[in-house]
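Topology and contacts: notes
The primary structure of each chain is shown beneath.
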Amino acid sequence: MKELRLMKGNEAIAEAAIRAGADGYFGYPITPQSEILEYLMAQKPYETTGMVVLQAESEVAAINMVYGGASCGKKCMTTSSSPGISLKMEGISYIAGAELPCLIVNVVRGGPGLGTIQPSQGDYFQATKGGGHGDYRLLVLAPASVQEMSDFVSLGFDLAFKYRNPVMILSDGVIGQMMEKVELQETKPRWTKEEILKMSPWATTGKTPDRERNIITSLDLDPSKQEKHVLSLERKYKAMEENEVRYEKINCDDAEYLFVAFGSSSRICQKAMDIAREKGIKVGLFRPITLFPFPKKPLKELGGQVKGMLTVEMNLGQMVEDVRLAVECKIPVEHYGRHGGIIPTPEEVVKVLETKLIGG
Amino acid sequence: METLSKEQIIKPENLVYKRTNLLVDTALSYCPGCGHGVVHRMLMEVVEEMGIQSETIGIAPVGCSVLAYDFLDIDMQQAAHGRAPALATAIKRLMPEKYVFTYQGDGDLAAIGTAETIHACNRGENFVIIFINNGIYGMTGGQMAPTTLPNMKASTCPYGRDTQIMGNPLKITEIVATLPGTCFVTRHSVHTPANVRKVKRAIRKAFELSYAKKGLSFIEVVSNCNSGWKMTPVQANKWMEENMFPFYPLGDIKVPTE
């Protein structure tokens, strides 16, 4: 039977973590995502599923707790918001280098610096292009609803273990704080010791006589071995680009213009699209769901169909660079964004479409 | 009295000592005279004697002992600089039936990882911290550490540590002893056989206490760094006795109450 609930996006993440059979959550309070830790502490999953929930002394400690737990083959996660994610970047780089599966949620707020507690999408570059040191990629999922906040937790863990790679849910303060109806997933039991040994034979579960010792490290001082390691990471990222691209297309079949937007901006663009279509402008909406791997191919195809694209992001223009690369600069691609926690209105977006692309 | 030949002496019934099987048969990366190798051996002797190889997870730091996992035949994780206690916290909480230890140097534990150290100790996490204090950054080439003594020379305090400018050495072991989460805090050395045996006893006690969920056990080993100190191994041990021990006195600082 369907279990429906009215929930905040942040609460949906927390509930989904318990239901996904997560073993460990390690976090530190920061607005606008503190409800995740609060919800988990109120639910006390350590008394039901046995999931460990711990408020760490810092974001740095929290991500390193995830490193320790993930190294044991456990399903571990942390959540934070922009300034906290910056602090976690050291650990994320180590996790990527050591090829550990885990889930990181960023409920993005405005920056740079302490910025604002209001929503933003200013961490697109950080999430998709690196953020920490060295060559690595996160698999990045961008939810546009409370439902997706819930669904992407389980999906995120599945992908993390499939690729032995950290997965990030790149949300924002709008999705984290707003309330919507959610269909909750069925509760999966936590993995047993036997399942962990089967799923993650590389994990540090204690050296038994039947195998060599397992070592989790991102260090290799031998240049030829380290190069081999980095190239194997590259193959993994290419496999993600082949297999894991996710996106949504709305009204694209007859579209002459396209909004390209992710997360909460895509919700605004949906309304803007309706307004524009009432005015007779044939506009569609393309929503990347995976920000890495970025849906280059479908956008390139649409680039041959439409007259121009407008990316709407609550930042100074970050994803727009990937859209321009995808369409190989063959058509005009403009950007519109608001800052400081100001959310663009659908009317504003339509006006920008008319002036920058149609009238221009 | 009859003189015994070599063959007559080397017999199984005369065997009094043998290298533990849990040290990987490879050359250590440490300088001759360094204390790390001895502490590694004591750790693995305890793990072997307790029969807990399959139950033990170790964490290597950043520093000279970053490659400890090449020498210890147990499952190990390598932590970012200073973060070992955070890793150990999660491992022990997620697998409470395991024995977990961190192995950290002074820069790792008492400078960049101070927050992780203090909070893991304060929460009373049930793992063991082995803290090697030689008052210098060995791996990076002899820079000043948080535990470098006043007036002691290092490459980033070439005229000696001026406490007016560079601050004072941190007695982190005394600090963690004040926290309710630690159950056993002790300071040792490995420069004489008698002291080596004391370290081994302390490690065994610490493992047993952590398994019994008594809280965090913290073992400091005051050690030398003859390369970083620019001395011979013998000079370094003498210098350690004369200068390090008065500042970092050996012995138990906190023992569990029954």
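Residues numbered from 1 in each chain as written. Chains lettered and ligands numbered in written order. Predicted model: local features only at pLDDT ≥ 70, side-chain atom pairs only at ≥ 80, totals over all residues.

A few points about the overall build of chain A
We apply this condition: Helix and strand assignments follow DSSP, with helices taken as H or I runs no shorter than four residues and strands as E runs no shorter than two, numbered in order from the N terminus. For the radius of gyration, the atoms used are the C-alpha atoms, and the globule rule reads 2.2 Å times the number of residues raised to 0.38. Exposure classification rests on a simple neighbour count of other C-beta atoms within 10 Å of a residue's own: a residue reaching 20 or more is buried, one at 12 or fewer is exposed, and one in between is partly exposed. C-beta atoms are placed from the backbone. We call two residues in contact when the distance between their C-beta atoms, placed using the backbone, is within 7 Å.
When helices and strands are tallied, chain A shows 13 helices and 15 strands. A compact globule built from 360 residues should have a C-alpha radius of gyration of about 21 Å, and chain A, at 21 Å, falls within 12% of that. Dimensions of chain A, computed from C-alpha atoms along their principal axes, come out at roughly 70 × 50 × 40 Å. For chain A, with 360 residues in total, the buried portion stands at 53%. Partitioning the intrachain contacts of chain A with sequence separation of at least 6 by distance along the chain shows that 78% fall at a separation of at least 24.

Structural notes on the interface of chain A and chain B
Inclusion rule: Each residue is assigned to one class: nonpolar for Ala, Val, Leu, Ile, Met, Phe, Trp, Tyr, Cys and Pro, charged for Asp, Glu, Lys and Arg, and polar for all the others, Gly among them. The pairing criterion is simple: DSSP has to find at least two bridges between the two strands.
Residue-level contacts link 32 residues of chain A with 29 residues of chain B. No other element matches helix H3 (residues 59-70) of chain A, which puts seven residues into the side of chain A that touches chain B. Among the residues forming the side of chain A that touches chain B, the class breakdown is 13 nonpolar, 13 polar and six charged. In this sheet, strand E2 (residues 75-78) of chain B lies alongside strand E9 (residues 215-216) of chain A in parallel orientation, the contact comprising two bridges. Within E2(B), the residue paired with Ile216(A) across the bridge is Gln77(B).

With respect to the nonpolar core
Put simply, the test is: Only buried Ala, Val, Leu, Ile, Met, Phe, Trp, Tyr and Cys residues enter a nonpolar core, and they are joined through C-beta atoms within 7 Å. Domain start and stop points were drawn from an automatic or database domain assignment.
Ranked by internal contacts, the top residues of the largest apolar core, which has 180 residues, are Ala17(A), Val66(A), Cys102(A), Val140(A), Leu258(A), Phe259(A) and Ile130(B). When residues of this core are assigned to their parent elements, the largest contribution, eight residues, is made by H3(A). Each of two domains, domain 1 (4-193) and domain 2 (247-358) of chain A, supplies a minimum of three residues to this core. Each residue touching Cys102(A), except ones within four places of it in the same chain, is listed here: Val66(A), Ala70(A), Cys76(A), Met77(A), Ile95(A), Ala160(A) and Pro166(A).

Focus on helix H12 (residues 319-326) of chain A
Quick reminder: α-helices carry 3.6 residues per turn. Residues three or four places apart thus point the same way. All names here are of chain A. Counting buried positions along H12 gives six out of eight residues, so the element sits mostly inside the fold. Where H12 is concerned, the buried positions are Met319, Val320, Asp322, Val323, Arg324 and Ala326. Looking at the buried side of H12, the elements it contacts are helix H5 (124-129), strand E11 (257-260), helix H11 (296-303), strand E14 (308-312) and strand E15 (333-336). Backbone geometry just after H12 places glutamate 328 at a positive phi near 50°.

A few points about helix H10 (residues 233-247) of chain B
Where we set the bar: One less than the residue count of a helix, multiplied by 1.5 Å, gives the span that helix is expected to have. What is called the bend at a residue is the angle between a pair of axes, fitted to the seven residues leading up to and ending at it and to the seven starting from it.
The end-to-end C-alpha distance of H10(B), which contains 15 residues, comes to 20 Å, matching closely the 21 Å that a straight helix rising 1.5 Å per residue would cover. By the largest-angle criterion, Met240(B) marks the main kink of H10(B), which is about 40°.

Some details on the domain arrangement of chain A
Residues and elements named next belong to chain A. Per the domain assignment, the segments making up chain A are domain 1 (4-193) and domain 2 (247-358). Computed from C-alpha coordinates alone, the two centres of domain 1 and domain 2 are separated by 27 Å. Here the side of domain 1 that touches domain 2 gets four residues from one element, more than from any other, and that element is H5.

A short note on the packing of helix H3 (residues 84-94) of chain B against helix H5 (residues 114-123) of chain B
All names here are of chain B. Under the convention used in this document: Fitted lines through C-alpha atoms serve as axes, helices being fitted only where they are in contact, and the angles separating the N-to-C directions of these axes extend from 0 to 180 degrees.
Across the interface, H3 lies against H5 with an axial gap of 7 Å and an inter-helix angle of 35°. Across the interface between the two elements, Pro85, Ala86, Ala88 and Thr89 from H3 touch Glu116, Thr117 and Ala120 from H5. Looking at the contact of H3 with H5 residue by residue, the class counts come to four nonpolar, two polar and one charged.

Points about the pairing of strand E3 (residues 52-55) of chain A
Residue and element names in this part refer to chain A. What counts, and what does not: A clockwise course of the path from the first strand over the helix to the second, judged with the strands pointing away from the viewer, identifies a crossover as right-handed.
Two strands pair when backbone bridges link them, and strand E2 (residues 24-27) and E3 are joined in this way by four bridges, in the parallel orientation. Bridge pairing links glycine 27 to glutamine 55 in E3. Each parallel crossover has a hand, and for E2 linked through helix H2 (residues 34-43) to E3 it is right-handed.

A few points about unusual backbone geometry
Excluding glycine, most residues fall at negative phi; most peptide bonds, likewise, are trans. The linkage connecting Gly111(A) with the following residue, Pro112(A), adopts the cis geometry, with an omega of 0°. Topologically, Pro112(A) is positioned in the loop between strand E5 (102-108) and H5. The omega angle of the peptide bond from Phe292(A) to Pro293(A) is -5°, so this bond is cis rather than trans. Position of Pro293(A) relative to the elements: it lies in the loop between strand E13 (290-292) and H11. In this structure, Arg164(A) is a non-glycine residue whose phi angle is positive, near 50°. Inspection of the secondary structure assignment puts Arg164(A) in the loop between helix H6 (146-163) and strand E7 (166-172). The backbone phi angle of Asn151(B) is positive, close to 70°, even though this residue is not glycine. In this structure, Asn151(B) sits in the loop between strand E6 (143-144) and helix H6 (163-166). With 12 C-beta atoms counted inside 10 Å, the residue Asn151(B) sits in the exposed group.

Re the packing of helix H2 (residues 36-50) of chain B against helix H8 (residues 193-211) of chain B
Residues and elements named next belong to chain B. Note the cut-off: Note on angle classes: values under 35 degrees are labelled roughly parallel, values over 145 roughly antiparallel, values of 65 to 115 roughly perpendicular, and the remainder oblique. Crossing chirality is assigned from the near helix's rotation relative to the far helix, an anticlockwise turn below a right angle marking it left-handed and a clockwise turn marking it right-handed.
Closest axis-to-axis distance for the H2/H8 pair is 9 Å, and the angle between their directions is 50°. The angle between the axes of H2 and H8 places the two elements in the oblique class. The handedness of the crossing between H2 and H8 is right-handed. Each of Val38, Val39, Met42, Leu43, Glu45, Val46 and Met50 in H2 lies in contact with H8, whose residues at this interface are Val196, Val199, Lys200, Ile203, Arg204 and Phe207. When its residues are assigned to classes, the contact of H2 with H8 shows 10 nonpolar, no polar and three charged.

What about the sheet that holds strand E4 (residues 76-80) of chain A?
Residues and elements named next belong to chain A. Spatially, the seven strands line up as an open sheet ordered E3-E2-E4-E5-E7-E6-E13, and their pairing is mixed. Either end of the sheet is taken by a strand with one partner, and the two such strands are E3 and E13. The mean angle between the axes of side-by-side strands here comes to 20°, regardless of whether they run parallel or antiparallel. With two bridges connecting them, strand E6 (residues 139-141) and E13 associate as antiparallel partners. Across the sheet, valine 140 pairs through a bridge with phenylalanine 292, a residue of E13. In the packing of H3 onto the sheet, the strands contacted are E2, E3, E4 and E5, and the crossing angle to E4 comes to about 165°.

So, the sheet that holds E9(A)
Within the open sheet, the eight strands sit side by side as E9(A)-E2(B)-E1(B)-E3(B)-E4(B)-E8(B)-E7(B)-E9(B). Their pairing is mixed. The open sheet has two edge strands, E9 of chain A together with strand E9 (251-254) of chain B, and neither has a second partner. Pairing of strand E3 (residues 99-105) of chain B with strand E4 (residues 128-133) of chain B, which is carried by five bridges, proceeds in the parallel orientation. The residue of E4(B) that forms the bridge with Gly105(B) is Ile132(B). Across the sheet, H2(B) lies against strand E1 (56-60), E4 and strand E8 (216-222) of chain B, angled at about 160° from E4(B), the strand it touches most. H3(B) rests against E1, E2, E3 and E4 of chain B of the sheet, and its axis sits at about 180° to E3(B).

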